[in-house]
Amino acid sequence: MITPNHIPAHLSPDVGPWPDELWSKELAGAARDVKTLLNAVQVHPQNLQYPADTSAKFQLLVPRGFIARMRKGDADDPLLKQVLPTLEERKASNEFTRDPLAETDPAQGFMKTPSLLQKYQGRVLLITTPGCAINCRYCFRREFPYTQHRPKGHQEALASIAADPSIDEVILSGGDPLLLSDKQLSQLLNAIESIPHIQRIRIHSRIPIVLPERITRGLMDALERCRCQMVLVAHTNHPQELNDATARALACLKHSQITLLNQSVLLRGINADVTTLAELSKKLFAQGVLPYYLHLTDHVAGTEHFFIGDDEAREIYAQLQRLLPGYLLPKLVREQPGQASKTLMY
Ligand SMILES: *Cc1c(COP(=O)(O)O)cnc(C)c1O
Ligand code: SF4
């Protein structure tokens, strides 16, 4: 086969997936405290604008490969700021609460079973595992009571999906569903695809970006075997997160016939400018991924310093639209309680 010469060598599927054993070692070697992270990125604590929080309840977790993409010695690095806990998170404000969406409030009726959430018509969200391969400081699930929703198998959730023919899509979420082993994931996919009315399975995962070594032959096999159409929504906020390793991971997934989309979160001090966002869209597309959503953050306690208001967001977005072809423009959305979908903000 002739490889068209506009495809960079690292995008060729010939480079292929990573060996099976590597990713769990990479994850075991991830930075889990402030000192290790700051040492690795060669940032002196005194150079931080806000002091690091060495006892944050939402624990620091960053794989080494992600740290390697940070600029050494730069306290203002956009990747570092996504993962370093600082005292800014302790800002208390009435407006920013632990569970602003009240997703788990039984009175709302969103929880169909302890691990199954349905807010929107036709699609359900399955909480597969509480953990992630990275802990993002802006995460809206940082206060999510996972221990109450830790699935002991998904029998109840699967039975609920099987009983409702109006559902044609299952979203695997978490946490990060790609933290499941190949075997666990295979079993789950098998169980879902055996429900006849399910057409699509969607995986929401930051792992192809933050732990690309997770993309193994075994994972590709599990995804390729599935009867349903597969969609993976990756999560990238800044063009600097994308490198040869992410290109390789995404090329493998694409080779497995998976539709690749990306969601980003609009974050003050990280990507809330038109130049960064335009570059992100173009670089994602160069790696085979289409922009899907650009989320406005919710009022989650501890994330106020990242927050961008609606008017400012709309202004950035209007500029972005002028710079990009329509297919590279993500949809600007916010999650509003009581709505039947995400709310388009433009
Ligand atoms: C965001 C979300 C979805 C997916 O919404 P899409 O607009 O289809 O991407 C589904 N369920 C829940 C609970 C969500 O929060
Ligand atoms: S990977 Fe996603 S779910 Fe996990 S901490 Fe980051 S934003 Fe939250």
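Since the structure is predicted, the reported quantities are computational estimates derived from the model, not experimental observations.

A.B. asks: Report on the packing of helix α7 (residues 182–193) against helix α9 (residues 217–224), specifying residues and quantitative values.
C.D. replies: One can describe the packing of α7 onto α9 by two numbers: an axis separation of 9 Å at closest approach and a directional angle of 0°. As summarised for this structure, α7 and α9 are arranged roughly parallel, according to the angle between their axes. Residues D182, L185, S186 and L189 of α7 lie in contact with α9, whose contacting residues are G218, L219, A222 and L223.

A.B. asks: Describe the sheet that holds strand β7 (residues 259–266), naming the residues involved and giving the relevant values.
C.D. replies: Within the open sheet, the ten strands sit side by side as β1-β2-β3-β4-β5-β6-β7-β8-β9-β10. Their pairing is mixed. The open sheet terminates on both sides in strands that have one partner only, identified here as β1 (111–113) and β10 (343–344). As judged from the five bridges shared by strand β6 (residues 229–235) and β7, these two strands associate in the parallel manner. Looking at β7, one finds that H235 is bridged to Q263.

A.B. asks: Lay out the domain arrangement of the protein with the relevant residues and their values.
C.D. replies: Under the domain assignment, the protein is made up of domain 1 (22–90) and domain 2 (111–344). Centre-to-centre separation of domain 1 and domain 2, based on C-alpha positions: 23 Å. Taken together, the contact between domain 1 and domain 2 spans 26 residues of the former and 32 residues of the latter. In this assembly, domain 1 packs against domain 2 so that about 2,500 Å² is buried in total across both faces, 58% of it on carbon and sulfur atoms. Across the contact surface, domain 1 and domain 2 share one salt bridge. Joining domain 1 to domain 2, the criterion identifies 14 residue pairs in polar contact (both at pLDDT 80 or more). Within the residue set of the side of domain 1 that touches domain 2, elements represented by two or more residues are α1 (22–28) and α4 (80–83). Top element by residues in the side of domain 1 that touches domain 2 is α1. It accounts for four residues.

A.B. asks: Tell me what's going on with the side chain of Q118, and back it up with residues and numbers.
C.D. replies: Examined against the element boundaries, Q118 turns out to sit in strand β2 (residues 116–120). Of the polar contacts made by the side chain of Q118, one reaches the backbone oxygen of Y120; its length is 2.9 Å. In this view, Q118 contacts F110, K112, R123, V124, D164 and I167; residues no more than four positions away in its chain are not counted.

A.B. asks: Pulling in residues and values, what's your account of the nonpolar core?
C.D. replies: Membership of the largest hydrophobic core comes to 70 residues, with the highest contact counts inside it found for L37, V62, M70, L172, I198, I201 and L223. There are two domains that each give this core at least three residues, and those are domain 1 (22–90) and domain 2 (111–344). If you look at the next biggest cluster of nonpolar residues, it comprises 16 residues, including L277, L296, I308 and L320.

A.B. asks: Give me the pattern of salt bridges: which residues, what numbers.
C.D. replies: Counted under the stated rule, the structure contains 18 salt bridges. A salt bridge links R214 to D182, with the nearest nitrogen and oxygen atoms 2.7 Å apart. Of this pair, R214 sits in the loop between α8 (207–210) and α9 while D182 sits in helix α7, and the two are 32 residues apart along the sequence. One salt bridge connects R206 with E241, and the closest N-O pair in it is separated by 2.8 Å. Of this pair, R206 sits in the loop between β5 (200–204) and α8 while E241 sits in the loop between β6 and α10 (244–255), placing them 35 residues apart in sequence. Taking relative accessible area as the criterion, R206 reaches 5% and is therefore assigned buried. Each of D168, E169, R200 and R202 takes part in one network of salt bridges that share partners.

A.B. asks: Describe the pairing of strand β4 (residues 169–173), listing the residues and the values that go with them.
C.D. replies: Of all the five residues making up β4, five are buried; the element is thus mostly covered by neighbouring parts of the structure. Residues E169, I171 and S173 of β4 are buried on one face, and the alternating residues V170 and L172, pointing to the opposite face, are buried as well. Two strands pair when backbone bridges link them, and strand β3 (residues 123–127) and β4 are joined in this way by five bridges, in the parallel orientation. Residue pairing for β4: R123 is matched across the bridge by E169.

A.B. asks: So what about the confidence of the model for the protein? Which residues, and what values?
C.D. replies: Model confidence for the protein is summarised by a mean pLDDT of 92, while 93% of its residues fall at 70 or above. When the criterion is pLDDT under 50, residues 1–5 qualifies, and its contacts beyond four places in sequence or with other chains add up to zero contacts.

A.B. asks: Break down unusual backbone geometry for me, citing the residues and quoting the values.
C.D. replies: Leaving glycine out, the prevailing phi sign among residues is negative, and the prevailing peptide bond configuration is trans. A cis amide bond, omega 0°, links G174 with the succeeding residue G175. Of note, G175 is situated in the loop between β4 and α7. Of note, Q42 is a non-glycine position whose phi angle comes to about 60°, a positive value. Secondary-structure assignment places Q42 in the loop between α2 (34–41) and α3 (64–67).

A.B. asks: Mind laying out the site of ligand 2, listing which residues take part and the relevant values?
C.D. replies: The immediate surroundings of ligand 2 are formed by C132, I134, N135, C136, C139, R206 and H235. Along the lines of polarity and charge, the residues of the shell around ligand 2 split into four nonpolar, two polar and one charged.

A.B. asks: Which residues make up α7, and what values do they have?
C.D. replies: Taking 1.5 Å per residue as the helical rise, α7 with its twelve residues ought to reach 16 Å, and the 16 Å between its terminal C-alpha atoms agrees with that figure. Looking only at α7, the buried set comprises L185, S186, L188, L189, I192 and E193. On an axial view of α7, the arc spanned by its buried residues comes to 165°, and they lie on one face. Buried residues along α7 sit in contact with β3, α6 (155–162), β4, β5, α9 and β6.

Parameters at a glance
Residues numbered from 1 in each chain as written. Chains lettered and ligands numbered in written order. Predicted model: local features only at pLDDT ≥ 70, side-chain atom pairs only at ≥ 80, totals over all residues. Heavy atoms only, no water. Axes fitted to C-alpha atoms, helices over the stretch in contact; angles between N-to-C directions. Helix = DSSP H or I, 4+ residues; strand = E, 2+ residues; numbered from the N terminus. Parallel < 35°, antiparallel > 145°, perpendicular 65-115°, else oblique. Contact = heavy atoms within 4.5 Å. Pairing = 2+ DSSP bridges. Domains from an automatic or database assignment. Buried area = accessible area lost by both parts, 1.4 Å probe. Salt bridge = Lys/Arg side-chain N within 4 Å of Asp/Glu carboxyl O. Polar contact = N/O pair within 3.5 Å; in protein donor to acceptor, adjacent residues only side chain to side chain. Core = buried A, V, L, I, M, F, W, Y, C linked by side-chain atoms within 4.5 Å. Buried < 20%, exposed > 50% of the residue type's maximum accessible area, 1.4 Å probe, protein only. pLDDT = per-residue confidence, 0-100. Near = heavy atom within 4 Å. Nonpolar A, V, L, I, M, F, W, Y, C, P; charged D, E, K, R; others polar. Expected span 1.5 Å × (residues − 1). Arc of directions from axis to C-beta.

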